[in-house]
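# Understanding the architecture of this molecule
If you want the building blocks of each chain, they are given just below.
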Amino acid sequence: MTTPDFDKIIDRMNTHSMKWDMMEPLYGVPAEDGLSMWVADMDFEPPASVTRALQSMVDHNIYGYYGDDRSYRAAIGWWMAERHGWQIEPEWIFTTHGLVNGTAMCLDAFTKPGDGVVLFTPVYHAFARVIKASGRRVVECELTNTNGRYEMDFAAYDAQMDGSETMLILCSPHNPGGRVWTKAELKGVAAFAKRHDLTLVSDEIHHDLVMPGHTHTPMAKIDGIEDRLVMMTATTKSFNIAGTHSGNVIIPDAALRERFAARMAALGMGPNSFGLVMAEAAYSPEGAAWIDALVTYLDGNRQIFDAGVNAIPGLKSMPLESTYLAWVDFSGTGMSREDFTARVEKQAKIAPNHGPTFGKGGESFLRFNLATPRARIEAAVSRLQEAFSDLQ
Ligand SMILES: Cc1ncc(COP(=O)(O)O)c(C=O)c1O
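Computed from a predicted model, the values in this text were never measured in an experiment.

This paragraph deals with the overall build of the protein. Helix and strand content of the protein: 14 helices and 15 strands. Once the C-alpha set of the protein is aligned to its principal axes, its extents read approximately 60 × 60 × 40 Å. Each of the 392 residues in the protein was classed as buried or not, and the buried ones make up 56%. Within the protein, contacts between residues at least 6 apart in sequence are counted, and of these 73% link residues at least 24 apart. By element, 52% of the accessible surface of the protein is carried by carbon and sulfur atoms, the whole surface being about 16,100 Å². Looking at the protein, you have 35 positive and 49 negative side-chain charges, and the mean spots of the two groups are 2 Å apart.

All residues in the neighbourhood of the ligand are listed as Ala40, Gly98, Leu99, Val100, Tyr124, Cys171, Asn175, Asp203, Ile205, His206 and Lys237. At 2.7 Å, a backbone N or O of Leu99 approaches an oxygen atom of the ligand. Between the ligand and Asn175, the relevant distance is 2.8 Å, taken from an oxygen atom to a side-chain nitrogen or oxygen of the residue. Its free accessible area being 400 Å², the ligand has 93% of it covered by the protein chains.

Cis geometry is found at the peptide bond from Ser172 to Pro173, where omega equals -5 degrees. Looking at where Pro173 falls in the secondary structure, it is placed in the loop between strand S7 (165–171) and helix H8 (183–195). Cis peptide bonds are those with omega within 30 degrees of zero, and the linkage from Asn175 to Pro176 qualifies with 20 degrees. With respect to the helices and strands, Pro176 occurs in the loop between S7 and H8. Even without glycine at this site, Asn14 takes up a positive phi of about 60 degrees.

Applying the stated criterion across every chain yields a total of 21 salt bridges. Asp390 is the partner of Arg343 in a salt bridge, and the nearest nitrogen-oxygen pair spans 2.7 Å. Taken together, the positions of Arg343 in helix H13 (residues 337–347) and Asp390 in the segment after helix H14 (374–387) put the pair 47 residues apart, joining distant regions of the chain. Arg343 gets classed as buried once you look at its relative accessible area, which sits at 18%. A cluster of three or more residues bridged by salt bridges with shared partners is formed by Arg12, Lys19, Asp41, Asp43 and Arg376.

One pass over the full model with this rule turns up zero disulfides. Cysteine Cys106 remains unbridged, with the sulfur of Cys171 as its closest cysteine sulfur at 14 Å. Overall, the relative accessible area of 1% leaves Cys106 in the buried class.

All right, on to the nonpolar core then. Phe120 and Met219 are the most contacted members of the largest nonpolar core, which totals 63 residues. In terms of residue count, helix H12 (residues 285–310) provides more of this core than any other element does, seven residues in total. Excluding its chain neighbours within four sequence positions, the residues that come into contact with Phe120 are Cys141, Leu143, Met152, Phe154, Tyr157, Leu168, Leu170, His174, Val189 and Phe192.

Take the pairing of S7 next. Among the seven residues that make up S7, six are buried, leaving the element largely enclosed by the rest of the structure. Where strand S3 (residues 116–121) and S7 come together, four bridges link them in parallel fashion. Across the sheet, residue Gly116 finds its bridge partner in S7, namely Glu165. Of the pairings in the sheet, the one linking S7 to strand S8 (residues 199–203) comprises five bridges and is parallel in character. Opposite Leu168, over in S8, you have Leu200 as the bridge partner. Tracing the backbone out of S7, into H8 and back to the parallel element S8 gives a crossover that is right-handed.

Right, let's get into the environment of Ala262. Tracing the backbone through its elements, the reader meets Ala262 in helix H10 (residues 254–266). Distance in space between the C-alpha atoms of Ala262 and Asn240 is 31 Å, their sequence separation being 22 residues.

Time to look at the sheet that holds S3. Read across the sheet, seven strands follow the order S2-S10-S9-S8-S7-S3-S4 without closing on themselves; strand pairing throughout is mixed. Each having just a single partner strand, strand S2 (93–96) and strand S4 (137–142) make up the two edges of the open sheet. Strand after strand, the sheet turns through a mean of 25 degrees between neighbouring axes, direction not considered. As paired strands, S3 and S4 are joined by six bridges and run parallel to one another. Residue pairing across strands places Leu119 opposite Glu140, the latter belonging to S4. Each of S3, S7 and S8 touches H8; the most contacted strand, S7, lies at about 165 degrees to it. Taken strand by strand, H10 contacts S2, strand S9 (229–233) and strand S10 (247–250), and its axis lies near 30 degrees from that of S2.

The next thing to look at is the packing of helix H5 (residues 99–110) against H10. At a minimum axis distance of 9 Å, the contact between H5 and H10 shows a crossing angle of 110 degrees. Taken together, the axis directions place H5 and H10 in an arrangement best described as roughly perpendicular. Touching Gly102, Met105, Cys106, Asp108, Ala109 and Phe110 of H5 are Leu256, Arg259, Phe260, Arg263 and Met264, all from H10. Across the contact of H5 with H10, the residue classes break down as seven nonpolar, one polar and three charged.

What counts as what
Residues numbered from 1 in each chain as written. Predicted model: local features only at pLDDT ≥ 70, side-chain atom pairs only at ≥ 80, totals over all residues. Heavy atoms only, no water. Helix = DSSP H or I, 4+ residues; strand = E, 2+ residues; numbered from the N terminus. Buried < 20%, exposed > 50% of the residue type's maximum accessible area, 1.4 Å probe, protein only. Contact = heavy atoms within 4.5 Å. Areas by Shrake-Rupley, 256 points an atom, 1.4 Å probe, with all protein chains shown as cover. Lys, Arg positive; Asp, Glu negative; His and termini not counted. Charge placed at Lys NZ, Arg CZ, Asp CG, Glu CD. Near = heavy atom within 4 Å. Polar contact = N/O pair within 3.5 Å; in protein donor to acceptor, adjacent residues only side chain to side chain. Salt bridge = Lys/Arg side-chain N within 4 Å of Asp/Glu carboxyl O. Disulfide = S-S within 2.5 Å. Core = buried A, V, L, I, M, F, W, Y, C linked by side-chain atoms within 4.5 Å. Pairing = 2+ DSSP bridges. Right-handed = clockwise from strand over helix to strand, strands pointing away. Axes fitted to C-alpha atoms, helices over the stretch in contact; angles between N-to-C directions. Parallel < 35°, antiparallel > 145°, perpendicular 65-115°, else oblique. Nonpolar A, V, L, I, M, F, W, Y, C, P; charged D, E, K, R; others polar.

Written as structure tokens, this is what we have:
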């Protein structure tokens, strides 16, 4: 494998990057010296296998419709077995226009307008957005923050259900809290979905980005829920190719597959050749070695960021078990949300995600994307220390 250079600073301004080119218009954080730490993509080049695959398309210079996806499906099967110990069949896979689209497709295929859709909040904000946009109702079941670590409280969630709920969307590993749910917790989720007869959609887009010492368990490895389970995975988050907008909805149960396939057909969904070619090249031994190197680098960034931020009185960064998204609690500062956010954006010139967009429980938090060269993490830490220096 070509050794990846994660320290390389790549200027992403004026490339139609949502993360960088929308920073100033949306946050007022200046383009010339701002640090963009919001949208969850990385400032790193993908593995060389991905670049080569795209380069060979460009060299061929023909961009027609994609067909014969056997090698693509085989690559997904190989990755799930090799990296996640999960055996899948090629016909279980549906390729959607990314996983926000995958979520919307699940809502469309398995719920009706007005149904309640359960989320364990705070959680990835686009879930609530598509649930509301599709005329379904968000049912927020708040995670318990136990000493800076999220846990589930099924007794409380049981009491919240009124029978109108038909789906649960789980984020595993968890964005933004960084939890890698244990097998026992996943069994609890499965039992909860069964008790309330919910279709269980498990969004596992962050499953490759697991910190040393933690092991992700695919929901599909929990017994007894196959007939209600929809798995969602993608190469986009792991390999930094989110602009390709391709994701995989993997459905082991034949009856659920039939319903999903019918909606795919009704909406005229078809694959994007760039996304599929790049994904196949990512799910390779070279891609696997790249992920291992990436996770080591991200773990280093996480340690530097957490040490620097936790040294500021009143700030607490949740220990990340997975993802590159630091979830920082500002409640200990005693400041209003407007005040601590203004210090981060106007004084430190950092653009983070705002906690309330993630739902109940996110009010006192900001989310910082750590998938950037280390020099920027160090700059972010010193800017935050400076902006909150009166608390030191
Ligand atoms: C849990 C989760 N699901 C889905 C997505 C986005 O998926 P896509 O870009 O494939 O629509 C994200 C992006 O951050 C995410 O965190």
